[in-house]
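Take a look at the letters that make up each chain.
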Protein chains: 4
Amino acid sequence: MKNTFGNSVAVTIFGESHGEYIGAVIDGLAPGIKVDREYIAHMLTLRRPDGKISTPRKEKDEFKIISGVVEDTTTGTPVTLLIPNENVKSGDYSEMRTVARPSHADYTAECKYHGYQDSRGGGHFSGRITAALVAAGAICKFALEQKGIRIGSHVKKCAGVEDRDFQDLLWDIETLNQKTFAVLNEEKGEKMRKAILEAASEGDSVGGVVETAVVGMPQGVGEPWFDSLESVLSHMLFSIPAVKGVEFGAGFKISDMRGSQANDPMGIAGDRVYTVTNNNGGINGGITNGMPIVFRTAIKPTPTIFKPQSTVDFKTMTERVLEPKGRHDPAIVHRARVVQDAATAIALCDALAMRFGTDWLK
Amino acid sequence: MKNTFGNSVAVTIFGESHGEYIGAVIDGLAPGIKVDREYIAHMLTLRRPDGKISTPRKEKDEFKIISGVVEDTTTGTPVTLLIPNENVKSGDYSEMRTVARPSHADYTAECKYHGYQDSRGGGHFSGRITAALVAAGAICKFALEQKGIRIGSHVKKCAGVEDRDFQDLLWDIETLNQKTFAVLNEEKGEKMRKAILEAASEGDSVGGVVETAVVGMPQGVGEPWFDSLESVLSHMLFSIPAVKGVEFGAGFKISDMRGSQANDPMGIAGDRVYTVTNNNGGINGGITNGMPIVFRTAIKPTPTIFKPQSTVDFKTMTERVLEPKGRHDPAIVHRARVVQDAATAIALCDALAMRFGTDWLK
Amino acid sequence: MKNTFGNSVAVTIFGESHGEYIGAVIDGLAPGIKVDREYIAHMLTLRRPDGKISTPRKEKDEFKIISGVVEDTTTGTPVTLLIPNENVKSGDYSEMRTVARPSHADYTAECKYHGYQDSRGGGHFSGRITAALVAAGAICKFALEQKGIRIGSHVKKCAGVEDRDFQDLLWDIETLNQKTFAVLNEEKGEKMRKAILEAASEGDSVGGVVETAVVGMPQGVGEPWFDSLESVLSHMLFSIPAVKGVEFGAGFKISDMRGSQANDPMGIAGDRVYTVTNNNGGINGGITNGMPIVFRTAIKPTPTIFKPQSTVDFKTMTERVLEPKGRHDPAIVHRARVVQDAATAIALCDALAMRFGTDWLK
Amino acid sequence: MKNTFGNSVAVTIFGESHGEYIGAVIDGLAPGIKVDREYIAHMLTLRRPDGKISTPRKEKDEFKIISGVVEDTTTGTPVTLLIPNENVKSGDYSEMRTVARPSHADYTAECKYHGYQDSRGGGHFSGRITAALVAAGAICKFALEQKGIRIGSHVKKCAGVEDRDFQDLLWDIETLNQKTFAVLNEEKGEKMRKAILEAASEGDSVGGVVETAVVGMPQGVGEPWFDSLESVLSHMLFSIPAVKGVEFGAGFKISDMRGSQANDPMGIAGDRVYTVTNNNGGINGGITNGMPIVFRTAIKPTPTIFKPQSTVDFKTMTERVLEPKGRHDPAIVHRARVVQDAATAIALCDALAMRFGTDWLK
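Conventions and cut-offs
Residues numbered from 1 in each chain as written. Chains lettered and ligands numbered in written order. Predicted model: local features only at pLDDT ≥ 70, side-chain atom pairs only at ≥ 80, totals over all residues. Heavy atoms only, no water. Least-squares fit on C-alpha atoms with pLDDT ≥ 70 in both. Contact = heavy atoms within 4.5 Å. Pairing = 2+ DSSP bridges. Helix = DSSP H or I, 4+ residues; strand = E, 2+ residues; numbered from the N terminus. Axes fitted to C-alpha atoms, helices over the stretch in contact; angles between N-to-C directions. Buried area = accessible area lost by both parts, 1.4 Å probe. Salt bridge = Lys/Arg side-chain N within 4 Å of Asp/Glu carboxyl O. Polar contact = N/O pair within 3.5 Å; in protein donor to acceptor, adjacent residues only side chain to side chain. Nonpolar A, V, L, I, M, F, W, Y, C, P; charged D, E, K, R; others polar. Buried < 20%, exposed > 50% of the residue type's maximum accessible area, 1.4 Å probe, protein only. Expected span 1.5 Å × (residues − 1). Arc of directions from axis to C-beta. Core = buried A, V, L, I, M, F, W, Y, C linked by side-chain atoms within 4.5 Å. Phe/Tyr/Trp six-rings, centres within 6.5 Å; stacked < 30°, edge-to-face > 60°. Lys NZ or Arg CZ within 6 Å of the ring centre and 35° of its normal. Disulfide = S-S within 2.5 Å. pLDDT = per-residue confidence, 0-100.

### Some words on the relation of the copies chain D and chain C
And step 1. The two copies are related by a screw motion: chain D maps onto chain C through a turn of 180° and a shift of 0.0 Å along the axis, at an RMSD of 0.0 Å. Interpreted geometrically, this transformation is the action of a two-fold axis.
And step 2. Most of the interface of chain D is mirrored in chain C, where 100% of its interface residues again form contacts.

### Regarding the sheet that holds strand E10 (residues 208–215) of chain D
Strands pair in a sheet through their backbones, by hydrogen bonds, and they do so in one of two ways: parallel or antiparallel.
And step 1. With antiparallel pairing, the ten strands of this open sheet are ordered in space as E9(C)-E8(C)-E10(C)-E16(C)-E11(C)-E11(D)-E16(D)-E10(D)-E8(D)-E9(D). Each of the sheet's edge strands pairs with one partner strand only, and the pair in question is strand E9 (161–162) of chain C together with strand E9 (161–162) of chain D.
And step 2. Bridge count between strand E8 (residues 150–158) of chain C and strand E10 (residues 208–215) of chain C: eight bridges; the pairing is antiparallel. Across the sheet, Ser153(C) pairs through a bridge with Thr212(C), a residue of E10(C).
And step 3. Contacts between helix H8 (residues 333–356) of chain D and the sheet are confined to strand E8 (150–158), E10 and strand E16 (293–299) of chain D, with E8(D) contributing the most and set at about 150° to the helix.

### Topic: the interface of chain D and chain C
And step 1. On the chain C side, the residues contacting the 104 residues of chain D number 104 residues.
And step 2. A buried area of about 8,400 Å², summed over both sides, lies between chain D and chain C, and 60% of it is on carbon and sulfur atoms.
And step 3. When the buried surface of chain D facing chain C is broken down by residue, Trp225(D), Phe226(D) and Lys244(D) rank first, second and third, together holding 13% of it.
And step 4. Counting across the chain D and chain C interface gives ten salt bridges.
And step 5. Linking Lys112(C) and Glu223(D) is a salt bridge whose minimum nitrogen-to-oxygen distance equals 3.0 Å.
And step 6. Put simply, chain D and chain C have 61 residue pairs in polar contact (both at pLDDT 80 or more) between them.
And step 7. Counted by class, the side of chain D that touches chain C contains 43 nonpolar, 40 polar and 21 charged residues.
And step 8. Across three bridges, strand E11 (residues 243–248) of chain C lies against strand E11 (residues 243–248) of chain D in antiparallel orientation. By the bridge assignment, Val246(C) is partnered in E11(D) with Val246(D).

### Focus: the relation of the copies chain D and chain B
And step 1. The two copies are related by a screw motion: chain D maps onto chain B through a turn of 180° and a shift of 0.0 Å along the axis, at an RMSD of 0.0 Å.
And step 2. Taken as a fraction of all interface residues of chain D, those also at the interface in chain B reach 100%, which identifies the copy contact as same-surface.

### Side note on the sheet that holds strand E7 (residues 79–84) of chain C
Residue and element names in this part refer to chain C.
And step 1. Ordered in space as E1-E2-E3-E7-E4, the five strands form an open sheet in which the pairing is antiparallel. Across the chains shown, the open sheet's two edge strands, defined by having one partner strand only, are strand E1 (4–5) and strand E4 (64–67).
And step 2. Alignment of E4 against E7, held across three bridges, turns out to be antiparallel. Its bridge partner being in E7, Lys 64 is matched across the sheet by Leu 82.
And step 3. Of the strands in this sheet, strand E2 (10–15), strand E3 (21–27) and E7 touch helix H3 (residues 130–146), which is tilted by about 30° from E3.

### Points about the pairing of strand E13 (residues 272–275) of chain B
Regular strands place side chains that alternate from one sheet face to the opposite one.
Residues and elements named next belong to chain B.
And step 1. Side chains of E13 alternate between two faces, with Val 273 and Thr 275 buried and Arg 272 and Tyr 274 left unburied.
And step 2. Where strand E12 (residues 266–269) meets E13, four bridges bridge the pair, whose relative direction is antiparallel. Within E13, the position partnered with Ala 269 by the bridge is Arg 272.
And step 3. Where E12 hands over to E13, the hairpin turn is made up of two residues, of which Gly 270 adopts a positive phi near 65°.

### Side note on helix H5 (residues 186–201) of chain B
Residues and elements named next belong to chain B.
And step 1. The terminal C-alpha atoms of H5, which comprises 16 residues, lie 22 Å apart, in line with the 22 Å expected from a rise of 1.5 Å per residue.
And step 2. Among all positions of H5, only Gly 189, Met 192, Arg 193, Ala 195, Ile 196 and Ala 199 are buried. For H5, the angular spread of buried residues about the axis comes to 160°, placing them on one side. Pointing more than 90 degrees away from the buried face of H5 are the exposed residues Glu 187, Lys 191, Lys 194 and Ser 201.

### A short note on the nonpolar core
And step 1. In terms of nonpolar packing, the biggest core is built from 170 residues, with Ile26(A) and Ile26(B) touching the most fellow members.
And step 2. If sequence neighbours within four positions are ignored, Ile26(A) has contacts with Val9(A), Ala10(A), Val11(A), Thr77(A), Pro78(A), Val79(A), Leu81(A), Ala136(A), Ile139(A) and Cys140(A).
And step 3. Core analysis: the next-biggest nonpolar cluster, separate from the first, contains 169 residues, Ile139(C), Met192(C), Val79(D) and Leu352(D) among them.

### Overview of the packing of aromatic side chains
And step 1. What the rule picks out here adds up to 30 aromatic pairs over all chains.
And step 2. Pairwise contacts between aromatic rings join Phe238(A), Phe248(B) and Phe295(B) into one cluster.
And step 3. Positioned above the aromatic ring of Phe181(C) is the side chain of Arg193(C), whose terminal nitrogen or guanidinium carbon lies 4.9 Å from the ring centre.

### Regarding the state of the cysteines
And step 1. Per the stated rule, a full pass over the model turns up zero disulfides over all chains.
And step 2. No disulfide involves Cys140(A); its sulfur sits 4.0 Å from that of Cys349(A), the nearest cysteine.

### So, the confidence of the model for chain A
And step 1. Per-chain confidence: chain A averages 94 in pLDDT, with 94% of residues scoring 70 or above.
And step 2. Here the predicted complex scores 0.97 on pTM and 0.96 on ipTM.

### A short note on helix H3 (residues 130–146) of chain D
Residues spaced three or four apart along an α-helix face the same direction, because each turn holds 3.6 residues.
Residues and elements named next belong to chain D.
And step 1. Its 17 residues place the ends of H3 24 Å apart at the C-alpha level, agreeing with the 24 Å of an ideal helix rising 1.5 Å per residue.
And step 2. Counting buried residues in H3 gives 16 out of 17 residues, a clear majority hidden from the surface.
And step 3. In the stretch just after H3, Gly 148 is the one whose phi turns positive, near 85°.

### Concerning unusual backbone geometry
With the exception of glycine, most residues fall at negative phi, and the peptide bonds are largely trans.
And step 1. Unlike most non-glycine residues, Met317(B) shows phi in positive territory, near 50°.
And step 2. Here Met317(B) is to be found in the loop between strand E17 (309–313) and strand E18 (318–322).
And step 3. Positive phi values are uncommon outside glycine, yet Ala242(D) reaches one of about 85°.
And step 4. By the element assignment, Ala242(D) lies in the loop between helix H6 (229–237) and E11.
And step 5. The buried category is assigned to Ala242(D), whose relative accessible area is 15%.

### Re the pattern of salt bridges
And step 1. Evaluation of the coordinates by the stated rule reveals 92 salt bridges over all chains.
And step 2. Among the salt bridges present, the one from Arg296(A) reaches Glu247(A), with a minimum N-O distance of 2.7 Å. Taken together, the positions of Arg296(A) in strand E16 (residues 293–299) and Glu247(A) in strand E11 (residues 243–248) put the pair 49 residues apart, joining distant regions of the chain. For the pair Arg296(A) and Glu247(A), one class covers both residues: buried.
And step 3. Between Asp313(B) and Arg320(B) there is a salt bridge, with the nearest N and O atoms lying 3.6 Å from each other.
And step 4. We classify Asp313(B) as buried; its relative accessible area is 6%.
And step 5. If you follow the salt bridges from partner to partner, you end up with Lys179(A), Glu186(A), Glu190(A) and Arg193(A) in one network.

### Description of the environment of Val161(B)
Residue and element names in this part refer to chain B.
And step 1. Note on placement: Val 161 falls in strand E9 (residues 161–162).
And step 2. C-alpha separation for the pair Val 161 and Ser 126, spaced 35 residues apart in sequence, amounts to 27 Å.
And step 3. Beyond its immediate chain neighbours, meaning those up to four positions away, Val 161 contacts Lys 156, Lys 188, Lys 191 and Met 192.

This is the structure we're talking about:
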């Protein structure tokens, strides 16, 4: 479905970097869900470039909701969000039209859209579109919180510097959701920021890993085969620009373990079954087991750098050397984590509504 | 859609480990595609346990095609495959019914199916079902080959032993598709098998990494956002049992690189654009760029081991120690690679039919 | 999705008239639903030609269930039904391969499948496939009955003879579900059968109208726009071969009414809202209002007749006169009503599971 | 998918009668399609109430396109249309909130949305939303015209007055697409308008039948079973408010015919197969045969009338007599035909893109 994700709760996104608006439609949300505009604004602020380690493009993200919400409550019909684009300097991008920026979508857009794509600022491929995803996800994330489901992410790794692991999950999530540069260990965060600025000063960029935890998910959600919860979440996560890997629980590390290490021993606490370790990331056989869902994404370094790169002009079919100018992020991993929270919330709302019905989130 | 994957070419799988048949329906395949029964049988043979490093359960996989094929050619209507189950010893599994095997789906099946699940041999969660997926995928893989699209996978890592990287891709793929234990370096393969047998002798199991390459994919396939080709492929790959991670191109390693290392420089060879490196795994902005698609999955160690494990009886809600008996694989990574080939073929057929129409594969 | 219908409860059908089996997969049914084999057999018997006013082809319909059911109870995973084809005389159909039977799908199959279609006995287009739909629908219909939702249909019109209207709905439905030739007024039924035999004796065929009532549907099911319950039901109903019209409530007659006649006055009985008339057929704005859902389909006369007809040989592209031989029904309207019951049950199960969750039908 | 229709070309609609905007997102349109703003404006004008036989609510429908179009050409990414609501008098509707208007969706909205629905002016159920559908459909209809596919509809019947049948289809379509009150025989149109005004003067309303013809559809589009072209079109058509019946070709009349009358004799003209009659409405076995696609919808009389009606207050659960005030249409059939054209165009674009690929419409 291309720009629509979900079967019961379905989000459609639209817009281009340099158009009048970007936006999203959230269809299928239960009626009677509180819509907290400050919560949305807060998540948009966290996603926004901060001007130091991010692009100086100023994004105010003054969203408006034009349907589906009455008196800050969902009606049950499509919720539509619009975010105006501002501070657009199209001129910066004029050279890009036929000269592909390596590791960007310029050339593949040409292959698919045959020259009709809006290439100003990345057009529909622009990370800018994630603002719409964040706004839509903020509504979903807030709704999940009312049902006791909490989502939080941190920059697990950036420029090779690793943050500490999750410990007290609820506390960690609470803390992270307030942070602009979301790390659990501030010293490590400081090192990351230094490394980012260092790369920036060399005209280069860095990547990282974003780790997400979801606490409070009901058991029994997900499907054995093609709609395993891992399938559904990864489908969503790989639509976040720059994500090149997704892993659950112990992830790739589990492939080096023996069964006796990897298997999560089970026990009973009160009336609940739990696992002592969580190498499976809260999902067995595609279905939630009630433990926290934990996953990580690999975020590639921002492809736009200020160093000469070999590339091609796909119109004239000649080789070229590119030295981009403009406003760009030396790292996006700290902003991607907000997108990851939002994307996760959308995918979970859909899975829950499929499982428990359209009124469940109410 | 749970047990159905795809929009234009759609595969539905069904069956349980100890039922009469497992099977698959492939809907939407173009008419006029050759169905090579030996090719299917060959892939089923590669997936089958070999009795030494796999479970001694003998699976003959005498599939039959009961619809959609006339004179070994697709008619364009649903192709249905049935594979009879044989050599079933239900008794071995009787203890399992309410005592959860750690890292299996026993407990989550209970959460979802409330005691009605067929738990004999893993029921619908059993790796046995992948035989149906392999048969369906074999038809798709063969069809893709006629269009010049080749898929091949190897055991990139097993029990910590690493195979060499892909080099001459077409040659490597050709070779791997003939091998029972698919590695590019036979010495490494020997070491892996030794490590597997060693783990087995200790009642333990090992995991690994399966790496797949696809050569010959047309450019311009995939979508910018929710149906990025990475999204679609990972959706499919995470439905393979035991997969806990998926990464494309440089994958998680790209998160440690700088942009100047990660970006794939572009050049022109004849009338084609190529990239010098392939850290993006053939996909930019969710869309194929014409370079080989390369990805890896993390396969967890077989959860069934012959060591005592702490677990629970979810019926009586008491803690238990489990010491499984039965027939099981000390490793499945070498069998998973066949499933991965098949799953990939199905997902690509769907993406191609969506892009170029229902007759394209003909 | 071509041969798959539904989002939460999804039915896939497969097979050809002269293949080994036809069948269906029902995915997404709640676990713990009773599967009554006699109920299925009963519905298959009602659909079966009776040898007098239907084709003498003997169909025993000895179905078997090969997955998803343990001890006559659904497990929650895909339920697969197989029905073997018997008594196949392929020879009768040899002339048909390139000479199109008017108003059949022979020519359009050629347009779509380019000569690869299985044209023996109509192949995948054959009414025979509806046996699989009936078997799948029987499971759904029985499940709905356990939840107090009753479905029944009658031959409202055949060969111009009209049956009486529904009166005491529950009683009428109960009665109809036991009848081979389902009419509410047996005298009218006798007239219909005579008219059918008369047409048959002239080598001709007749059509009719099938009317269905659903009692006990919960309120609030369906969607305002594209998934209005009328949209979803008509989507399903138009996939029954020979259906050329679908109307709800007063249907086409409502277009001649004034608003003051057409509007259904509302009242309160106990704790329920009801409408005095039911011109809207139980659906307002796409959503159920709790009144019976009532709709009718127009069934065209069986296209195979034993009179000379002008047609074409689409291979040689020459005009031809066709005089078919073989076994065929002079009317199918009395058999179509069973298919209509089954198809309705499937569509409603899906709508209910989407609305109230996957466990609701349990 | 509720407010999204389509798999390859997918339209999402949103908005409420009294919100700031209504709108639509068209996803999956090929790149390079001309977007003719005057064509869209023209169709919106035709849909708009004319103030005499329609509601005096003034709708200017000053749409804007905020994404997916550059220099009046589609980019290939989502096209988003916004239409501002104007001239809103919310006060008129205040009584409606809990007193159900008979045959409206007020009560079913309550059943589904539990009091959270936006009930001002019908909210998301309002016919007003069809303006967004018309704008989206206008883009699709224009695109189809560039490929030689023409769509046109007329008021086949209104208040019991019948228009003449289609004759010279292309000419008829051309003419109808210019008319505000689309009939083929102006005398009949005059009689219809008189009957409408007469009903209006009595505080009543009338219904009608809208007939559509599609010329130039390629052969071989549609599917044998669940995605028969009739299924897909009727799914869309039944989402148009007030549609209570859909019939193809001879429709319900075919049920009174004998096979020898109903069957369409086939012949050859040049290199094309044609049928002498078109009782099947251009579709056999769910697939287009190259003849014009012809269908009719039954439009119920506008439910809002200015006569006392028995109804209920669903909040207090008391019976009430309702005498609505406000601005309403004594007939909508002449406006519905524009919606029908638009809806048809959307459904056909999707079917064609599924069949021939995403670039076909370019």
